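# Coordinate inspection notes
Single-letter residue listing:
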Amino acid sequence: MKKLIYIVVVIAILGAIGFKLSSNKEQMAANAAVASIKSEAIPVTITEVASAKLDKSFTAQGNFAPIQSLTLLSETQGQIKSVLKRKGDKVKAGELLVQVESNTMAADLATAQTNAEKAKRDLERFENLAAGDAITKRQLEDARLNAKATEAQLVAARQRLTKTRITAPISGEINEIYVEVGSYLNPGTKLYDIVNVDKLKLKVKASESEVLLINKGDKVKVKADAGAGQEYEGVVTAIAAQADPTLKFDVEVEVKNAANNNLRAGMYGTAFFDVADQRDAMLLPREAIVGSIQNPLVYVVKDGLASQRPVRVGVVTQDKVEILDGVQPGEQIVKSGQINLREGMKVTVLK
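Keep in mind it's a predicted model, so treat the numbers as computed, not measured.

## Comments concerning the side chain of D193
Following the sequence through the fold, D193 ends up in strand β10 (residues 190–206). Although D193 lies buried, it forms no salt bridge, and the closest oppositely charged side chain, K190, sits 5.7 Å away as judged by the N-O distance. Apart from the residues lying within four places of it in its own chain, the contact partners of D193 are L70, T71, E173, I174, N175, E176 and Y178.

## Some points on the packing of aromatic side chains
Here the structure, examined in full by the defined rule, presents one aromatic pair. Both rings, one in F58 and one in F273, keep their centres 4.7 Å apart while their planes meet at 15 degrees; by these two values the pair is stacked. Linking F58 in strand β3 (residues 58–73) with F273 in strand β14 (residues 268–273), this pair joins segments that are 215 residues apart in sequence. Comparing F58 with F273 shows no difference in burial state: the two are buried. Of note, K190 hangs over the ring of Y178, and the distance from its end group to the ring centre comes to 4.9 Å.

## Details of the pairing of β14
In this sheet, β14 lies alongside β3 in antiparallel orientation, the contact comprising six bridges. Residue pairing for β14: N63 is matched across the bridge by Y268. Bridge analysis of strand β11 (residues 219–224) against β14 gives four bridges, and the strand direction is antiparallel. Across the sheet, the residue bridging to K223 is T270, located in β14.

## Here's the deal with the pairing of β11
Residues in a regular strand project their side chains so that they alternate between the two faces of the sheet. Burial along β11 is one-sided: V220, V222 and A224 are buried, and none of K219, K221 and K223, which face the opposite way, are. In the sheet, β11 pairs with strand β12 (residues 231–239) via five bridges, with the strands oriented antiparallel. Across the sheet, V222 pairs through a bridge with Y232, a residue of β12.

## Some points on the side chain of K201
Counting through the fold element by element, K201 comes out in strand β10. Those residues in contact with K201 that sit more than four places away from it in its chain are N63, F64, A65, P66, I67, E252 and V253.

## Some remarks on the pattern of salt bridges
Any two side chains of opposite charge can pair if their charged atoms end up close together. Across all of its chains, the model carries 14 salt bridges by this definition. The shortest N-O distance in the salt bridge between E180 and R86 comes to 2.9 Å. Of this pair, E180 sits in the loop between β8 (172–177) and β9 (184–185) while R86 sits in the loop between β4 (78–83) and β5 (90–91), and the two are 94 residues apart along the sequence. Judged by relative accessible area, R86 falls into the partly exposed class, the value being 34%. Of the charged contacts, one joins E287 and K335 as a salt bridge, the two residues approaching to 3.9 Å between their closest N and O atoms. Of this pair, E287 sits in the loop between β15 (280–285) and β16 (297–302) while K335 sits in strand β20 (residues 332–336); the two residues are 48 residues apart in sequence, bridging distant segments of the chain. Residue classification places K335 among the partly exposed positions, given a relative accessible area of 31%.

Criteria and thresholds
- Residues numbered from 1 in each chain as written.
- Predicted model: local features only at pLDDT ≥ 70, side-chain atom pairs only at ≥ 80, totals over all residues.
- Heavy atoms only, no water.
- Helix = DSSP H or I, 4+ residues; strand = E, 2+ residues; numbered from the N terminus.
- Buried < 20%, exposed > 50% of the residue type's maximum accessible area, 1.4 Å probe, protein only.
- Lys, Arg positive; Asp, Glu negative; His and termini not counted.
- Salt bridge = Lys/Arg side-chain N within 4 Å of Asp/Glu carboxyl O.
- Contact = heavy atoms within 4.5 Å.
- Phe/Tyr/Trp six-rings, centres within 6.5 Å; stacked < 30°, edge-to-face > 60°.
- Lys NZ or Arg CZ within 6 Å of the ring centre and 35° of its normal.
- Pairing = 2+ DSSP bridges.

Keep in mind these values describe shape, not function.
Listed below in structure tokens is the structure:
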């Protein structure tokens with residue numbers, strides 16, 4: 001038994017020694033690889049810190065939505081006698097779309113009108129009788145109430161008859177139709193989807209720094225991604241007062257459509273916000289920044305070596321970053337190739 005334990009202990013010691021030697025070999029190989037990298041010059045492209053006019057212009061993408069869009073519902077009941085507008089047709093506000101059977105409504109109107117006229121004549125007679133104390137005040141009051149009730153019934157009957165002529169509440173284009181001749185309507189039955197694309201709203205998102213640069217009424221250039229480069233003039237009509245969960249603000253840009261309605265609701269579009277700022281600033285390309293904007297670093301190249309340097313940034317635009325401190329005009333900064341760089345490494349500049 002003791003001999004077996006002795007053998008096990010010896011094997012364990014030999015295994016530990018072998019593992020240690022293997023680990024040391026791997027570490028030496030890794031160190032050799034790093035040394036090899038350090039001994040080779042890393043190819044990079046460079047840029048210089050330059051003073052230029054700060055351009056705060058930016059672009060934002062979004063979707064076009066119709067200026068008006070609604071689903072038309074029935075306010076009457078009865079059988080449809082005729083359908084005058086179908087899918088794809090253009091309509092104007094007030095134009096007749098559907099005619100519902102109206103004989104019953106017309107008869108109700110005639111009855112209501114007769115009752116109202118009778119009640120009016122009865123009231124006139126009762127007022128004459130009341131002047132000679134021939135009736136009581138209660139009888140006169142009842143006549144007045146009856147005249148008001150029949151007049152209200154007449155107004156309601158007229159409205160019911162009017163609603164058998166279903167008209168377009170807005171101008172636009174029929175996007176969908178849900179009824180046919182012979183369909184029986186009830187109040188709330190879906191009839192049409194109507195959209196107005198004479199004007200559209202391009203709905204985009206702006207960051208907290210961008211939203212401070214725009215105001216309602218600003219002119220904006222707009223292009224549809226699916227268009228042939230046609231440019232439209234838009235106007236900022238709405239800016240959200242509160243950011244969404246991603247800290248972006250909704251911005252609406254109203255665009256007048258072309259005569260042939262080239263723009264369609266649902267298309268992707270790009271808005272170009274031209275923000276003028278004439279002050280000079282030290283600028284670097286955004287890709288020259290290593291790390292985040294909150295903790296920015298750059299690699300400065302001097303005598304063929306790259307050294308890491310923290311910088312303080314100001315305004316960040318689409319492709320430029322304002323440098324407030326950390327580098328000087330004319331210094332050479334690595335623009336691309338930083339992924340392979342470490343402090344003090346040799347670099348070779350690509351032309």
